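# Report on the structure
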Amino acid sequence: MKILFYDAKPYDIDSFEKERKNDPDIEIEYLTADISVRTAALAKGYDAVCAFVSSQLDADVLKELADAGVGLLLMRCAGFNNVDLKAAKELKITVLRVPGYSPEAVAEHAMALAMAVNRRIHKEYIKVRENNFSLVGLMGINFHGRTAGIIGTGKIGAAMAKICRGFGMRVIAYDKYPNSSLEFVEYMELGEVLSNSDLISLHCPLTIENYHMINKESIARMKQDAVLINTSRGELVDTDDLIASIRNHKFHGVGLDVYEEERENVFENREDDILESSVVARLLSFPNVIVTSHQAFFTEEALSAISRTTLSNAKDYENGSLNQDNIVL
Ligand code: NAI
């Protein structure tokens, strides 16, 4: 099995090479370039390509891969909304992924964002370095005794629900398919969750139905001083509506690990670039907003689980014995 690995970062190479010691039959060539119509053609002679959540796997790119004779797309991530599945199906490309590699990694980051923005740690870090020890502007709220609203209680949402419970919060949730193992969670309709929560955390996948589920109308239902956290997908939130509502003094805090138009930024050092979009700049102009760049998954445990499962997906494909949970298509 020969795999062409796109957009390889040093930490990817370390982690995959460590795991590959157990599978020396798998060959991996690492490219720093991400996959595109031009770079997809380089996959000729490989059995599979490995891509990430930030890669653009549209119909044109998939067509190039199929023309190059590649029949397997190994996604080294859980989400796959960036893959044109209709095109992949037509082109007979199998798409495998790594679901639930470390739900706790993402949930812990969601709570880290919630804590940091609530207690204004991002402001205080800079103020104290400038010998400014004033507490003005740093007032937080106790999460203990408040209500956490979890949207989507799959693997990550369940881990977040447990963390919130550990903080002494009442946990309410919305999911089309309630998770019966979470006996302490009260399920209700989405609107009720939004209007009753002090902390709202999004943990559902992006689908056609829930694009911009957080918009002017749904924000209007939320408590004035709610904390909103999104570690799921940027397009769940209408950024213009979010910005307008923050300008109108809605929200105690907003923590975003994902945001619309993040694709060009994700995992790149762009400090010398003039950015083409003002989304981040506008969000960061508010004292009660923290943005991180799609790093919620980024722990040692998560990276080794991603490498291990991606390599076993490759082997299973070769042996014709796929793990059903990892099949996208
Ligand atoms: P999962 O598949 O275990 O759970 C998703 C849950 O959302 C399911 O229970 C499903 O019924 C529910 N759901 C689907 N549509 C919904 C809707 N419209 N409203 C409410 N609930 C809905 O997925 P998992 O592993 O918990 O991941 C959730 C999401 O987290 C992923 O789809 C991905 O977008 C995001 N993610 C973000 C990462 C990051 O680094 N920021 C890393 C990994 C995942």
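So, a few notes on the structure that sits alongside this text. (Residues numbered from 1 in each chain as written. Predicted model: local features only at pLDDT ≥ 70, side-chain atom pairs only at ≥ 80, totals over all residues. Heavy atoms only, no water.)

## Observations regarding the site of the ligand
The cut-off we apply is this: The nearness test applies per residue and asks whether one of its heavy atoms lies within 4 Å of the molecule or strand. For this analysis, a polar contact is any N or O atom pair within 3.5 Å, provided that within protein one partner can donate a hydrogen and the other can accept it, and provided that sequence-adjacent residues contribute only side-chain to side-chain pairs. Every accessible area reported is derived by Shrake-Rupley at a probe size of 1.4 Å, with residue values counting cover from the shown protein chains alone. The distinction between a cavity and a pocket rests on a 1 Å grid over the protein atoms alone: a 1.4 Å probe fits inside a cavity but cannot get out, while a pocket stays open yet meets protein on both sides within 12 Å along at least five of seven lines, and a residue with an atom within 4 Å of a point counts as lining. Cavity and pocket membership follows a simple rule, namely that a molecule belongs there if more than half of its atoms are within 2 Å of the grid points. Note on residue classes: Ala, Val, Leu, Ile, Met, Phe, Trp, Tyr, Cys and Pro are nonpolar, Asp, Glu, Lys and Arg are charged, and everything else, Gly too, is polar.
Taken together, 22 residues are adjacent to the ligand, and Lys155, Ile156, Asp175, Thr231 and Asp257 come closest. Note that an oxygen atom of the ligand is positioned 3.3 Å from one of the backbone N or O atoms of Ser232. Between the ligand and Asp257 there is a distance of 3.0 Å, counted from a nitrogen atom to a side-chain nitrogen or oxygen. In the complex, the protein chains occlude 86% of the 870 Å² of accessible area that the ligand would expose alone. Its atoms largely coinciding with the cavity grid, the ligand occupies the largest pocket. Its residues placed into classes, the shell around the ligand shows ten nonpolar, eight polar and four charged.

## Describing the pattern of salt bridges
As a reminder, the rule being used: When a carboxyl oxygen of Asp or Glu lies within 4 Å of a side-chain nitrogen of Lys or Arg, that pair is called a salt bridge. Numbering of helices and strands runs from the N terminus; a helix is a DSSP stretch of H or I covering at least four residues, while a strand is a stretch of E covering at least two. Exposure classes here rest on a 1.4 Å probe applied to the protein chains alone. A residue is buried below 20% of its type maximum, exposed above 50%, and partly exposed in between.
Using the criterion set out here, one finds 15 salt bridges in the structure. Glu209 serves as the salt-bridge partner of Lys176, at 3.9 Å between the closest nitrogen and oxygen. Here Lys176 is found in the loop between β7 (170–174) and β8 (186–187), whereas its partner Glu209 is found in the loop between β9 (199–202) and α9 (216–221), with 33 residues between them in sequence. The partner of Arg270 in a salt bridge is Glu276, with the nearest N and O atoms 3.0 Å apart. Classification of Arg270 as buried rests on a relative accessible area of 15%. Put simply, Asp7, Lys9 and Glu268 are held in one network by salt bridges that share partners.

## Quick notes on the nonpolar core
Our working definition: In this text, buried Ala, Val, Leu, Ile, Met, Phe, Trp, Tyr and Cys residues form a nonpolar core when linked through side-chain atoms within 4.5 Å. Every residue pair with non-hydrogen atoms within 4.5 Å of one another is taken to be in contact.
Grouped together as the largest cluster of nonpolar side chains are 50 residues, with contacts concentrated most on Ile3, Val49, Leu57, Leu62, Leu65 and Leu73. If we ignore the near neighbours within four places in the chain, the residues touching Ile3 are Ile26, Glu27, Ile28, Glu29, Tyr46, Ala48, Val49, Cys50, Leu74, Leu311 and Ala314. Counting 29 residues, the second largest nonpolar core, distinct from the first, contains Leu206, Met213, Leu228 and Val289.

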